[in-house]
Protein chains: 2
Amino acid sequence: MIKLAVIGGVAAGMSAAAKARRVDPDLQITVLVEGEYISYGGCGLPYFIGGRIKSKEALIARTVEQMAGQSIEVRTCHSVRKINISARSLLVENLNDGGFYDEPYDRLVIACGARASIPPAENSGLYGVFTLRTIPDSLAIIDYLQKYRPRKAVIVGAGYIGLEMAENLLSHDCEVTVIQSMQQILPGMDPDLAIKVQQYLENQGIGVMTGTKVTGFEGRQRIEAVLAGAIRCPADIAILAAGVEPNSEIAAAAGIELGIKKAIKVDERCATSVDGIWAAGDCATIPHLLTGQDSYIALGTNANKQGRVAGENAAGGSASIRGVLGTTIAQIMDMEVSRTGLSENECRQAGIEFISHTIKSRTAAAYCPVSGAIWLKIIADRKSSRIIGAQIAGFAGSGKRIDALATAITVGSTVDELMNMDLAYSPPFSPVWDPILIALDQFK
Amino acid sequence: MIKLAVIGGVAAGMSAAAKARRVDPDLQITVLVEGEYISYGGCGLPYFIGGRIKSKEALIARTVEQMAGQSIEVRTCHSVRKINISARSLLVENLNDGGFYDEPYDRLVIACGARASIPPAENSGLYGVFTLRTIPDSLAIIDYLQKYRPRKAVIVGAGYIGLEMAENLLSHDCEVTVIQSMQQILPGMDPDLAIKVQQYLENQGIGVMTGTKVTGFEGRQRIEAVLAGAIRCPADIAILAAGVEPNSEIAAAAGIELGIKKAIKVDERCATSVDGIWAAGDCATIPHLLTGQDSYIALGTNANKQGRVAGENAAGGSASIRGVLGTTIAQIMDMEVSRTGLSENECRQAGIEFISHTIKSRTAAAYCPVSGAIWLKIIADRKSSRIIGAQIAGFAGSGKRIDALATAITVGSTVDELMNMDLAYSPPFSPVWDPILIALDQFK
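Overview of the structure.

### Topic: the overall build of chain A
Moving on, step 1. Helices and strands together make up the secondary structure of chain A, namely 12 helices and 25 strands.
Moving on, step 2. Taken over the C-alpha trace, chain A has a radius of gyration of 23 Å; the compact-globule value for 444 residues is 22 Å, and the two agree within 12%.
Moving on, step 3. Dimensions of chain A along its principal axes, counting C-alpha atoms only, are 65 × 55 × 40 Å.
Moving on, step 4. When the 444 residues of chain A are sorted by exposure, 58% land in the buried category.
Moving on, step 5. Partitioning the intrachain contacts of chain A with sequence separation of at least 6 by distance along the chain shows that 62% fall at a separation of at least 24.
Moving on, step 6. For chain A, the exposed area adds up to about 16,800 Å²; of that, 49% sits on carbon and sulfur atoms.
Moving on, step 7. Of the charged side chains in chain A, 42 are positive and 46 negative; the average position of the first set lies 2 Å away from that of the second.

The structure is reproduced here in structure tokens:
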């Protein structure tokens, strides 16, 4: 019998295992998971901490028992320490008893995810300084919140997770300050839109310090302040949300090629440099649809898509991923923020000449009580007029408008093709000229 | 000086006048409006009646004075009775004093809108039986609601306006029954989605009678019942919302060609059969992007687009409309309903072979409190695999997803091109596989 081993049991790993099972009912599938939980919605963790999601069980899509029902053996608390490529086996530590054993495989999917980046700051191991990637991380934060009722929170990093945590700590009655090393919040957005969100956050009472590098953490038993050079920011809880880095060390040690950002280099079929080994999700690169280059974009959507592709190919099928756009969305208090394709900054890095227009409009007819401000940017390639990027910030009903522009980018539409197109209008949903149409009109 | 006359002062007429002014600052522009109000958001009227929009002034986008500021003369309460094509003049009745006069023109835009269809039923003129097209219509209904506090309302017609009125009369503590002659509600949708909305309305306590033709209205001073053959439905208010018909009589009398549904036939430049005369909005036909045929789709979006095109061309510019998709959206209590392109029924009428898939999913990650049901249908041409229609019914966050599919249809995408595309995900906005992706997956 052919043996498929999967390292990792969250989005990519579980998608790979489940897909492989559907493609080949006879495959022997073993999933090795370092942690205790599998198949959880990592993106929901900030809301679990904020109390809007009531139980950790709600976050879990599939249990070990359910996987067993599909003849997929999941071993939690089993840490893969080494991949022995020539022997086609894994050195596994059973964390329950500390024992080591060799697990042979015929085919391997590596989906061991990413971990939070720890900024090079002193004392980042101080009690009260947290990262947030896993259910245990969130339980540790909740426990700390209940024990110490912190009143001053500092978030290091102003990406989506950082700002979602800002909101959810506010709901725990914390005074919240966000510290960001870049000159703007929301690194994936252009500054003109990011500043709208920053102004909103500041109006909501969240302190925002940009262009500020955290240098250390101070405290005796537990955290008392976050330091940024000469600045001392009192804090009785801190969250490190300064991005992630791929768990690619065991792959690298085995001689598997790494790519951009030290992620495991894979092709559009999720194949690594080693025959019979695929990688997927936050530990792997992913092709970008617009640049045609490898990118590293650690997102649940990408992990699920790559997991499926890796699982199908590992089971003997044939699947590939055309490329992604880095489409993201986040709810930040009453604001919605989304983006797709390339930002202006990414265009410059890729040497692409672009034209962009940003408009301000309303989410609904101005006379509707639900109507709120929306800022919407469209970026087009200067030569081809193709849409290559879009960004949105605004109130309820803003964010998901990005999908129409992601669709347009996917098929290579020009701004001209879409001008005056027939988008849905009714007073609670849009002005009669939808913000997307107003933005397209600027390219005339 | 060249004289442009515009008949009609709501969406199409005002867009035409404003656009003509921008194109040619020297044009003499006169807008003749039968009613007292101009430039109002007709789609907001149900919400004005329901009290969510507080004043009629809020519905008015531009006033006569504001138009005068752009050197556009608007004459309200001026009814055009005749178009004299050979003399290039209009016979106008000034409703303020009953006087008649001739208004010469060099170029003419007809944008006199549509009126509510009156079903062939007895006593439809009874007091308490209303239609809803204009601000005075809405004021009459509000006046009646305040005077008589009706408790039993019957809506004749289960399109968007009918269902929006059902909701807004419910908020006036009416017991509401909707009577629809077709076998389903929401004539623009396919039955499988329409039934989901019907079940929801019934669960909310709204009576729905489909396949039922209203034959008359009964009452002494004012309405007491709506009759449908042998069925007698007690009512102390009734709203006729059984569609609209174009105000095309004066055009027809002048010899201007009519087209489908007796609307004024126009080409993609909004030109009528008579040189120097354009028509736009609810009185005119509009090209359909998918069938390439004339259609009659009376919507604010179409009126605004055609108004702009007619105004630009009447001012000597060159503009055209590529065609519309019949994209619509409506909020019906907590449900959102939208559609674009062709329905299955319209495919059959056009002789187009199609494949369709309807899926049920969630608007957000299942563990999010905001997550609700969504039903989403995609219709593709059987031969080309191009997407030619889509329909959505579901809870908050459902409806505007239609725009991504309208975008896809506009550029002629196939289902394959969009499969696994990169749509925005975050728990409050979508499951990790967006409902659109799940529906596309069915075409594999």
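### Observations regarding the sheet that holds strand β5 (residues 89-94) of chain A
All names here are of chain A.
Moving on, step 1. Taken in spatial order, the three strands of this open sheet run β4-β5-β6, and their pairing is antiparallel. Single-partner strands in this sheet number two, and they are β4 (78-84) and β6 (99-104). Strand-to-strand twist of the sheet, defined as the mean angle between neighbouring strand axes without regard to direction, takes the value 25°.
Moving on, step 2. For β4 and β5, the ladder comprises six bridges, and the chain directions are antiparallel. Residue pairing in the sheet places I83 in a bridge with L90 of β5.

### Here we look at unusual backbone geometry
Moving on, step 1. At N420(A), a position not held by glycine, the phi torsion is positive, near 65°.
Moving on, step 2. Looking at where N420(A) falls in the secondary structure, it is placed in the loop between α11 (415-418) and α12 (435-441).
Moving on, step 3. A positive phi is found at C270(B), a non-glycine position, where the angle reads about 70°.
Moving on, step 4. Tracing the chain through its elements places C270(B) in the loop between α7 (249-253) and β18 (277-279).

### Some points on the relation of the copies chain B and chain A
Moving on, step 1. For the pair chain B and chain A, the superposition axis carries a translation of 0.0 Å, the fit reaches an RMSD of 0.0 Å, and the rotation angle comes to 180°. In the structure described here, the two chain copies are related by an operation that fits a two-fold rotation axis. Taking C-alpha positions as the reference, the residue of chain B nearest the rotation axis is A404(B), at 1.9 Å.
Moving on, step 2. The residues that chain B uses at the interface reappear at the interface of chain A in 100% of cases, marking a shared surface.

Quick notes on the rules
- Residues numbered from 1 in each chain as written.
- Chains lettered and ligands numbered in written order.
- Predicted model: local features only at pLDDT ≥ 70, side-chain atom pairs only at ≥ 80, totals over all residues.
- Heavy atoms only, no water.
- Helix = DSSP H or I, 4+ residues; strand = E, 2+ residues; numbered from the N terminus.
- Rg over C-alpha atoms; globule rule 2.2 N^0.38 Å.
- Buried < 20%, exposed > 50% of the residue type's maximum accessible area, 1.4 Å probe, protein only.
- Contact = heavy atoms within 4.5 Å.
- Areas by Shrake-Rupley, 256 points an atom, 1.4 Å probe, with all protein chains shown as cover.
- Lys, Arg positive; Asp, Glu negative; His and termini not counted.
- Charge placed at Lys NZ, Arg CZ, Asp CG, Glu CD.
- Pairing = 2+ DSSP bridges.
- Axes fitted to C-alpha atoms, helices over the stretch in contact; angles between N-to-C directions.
- Least-squares fit on C-alpha atoms with pLDDT ≥ 70 in both.

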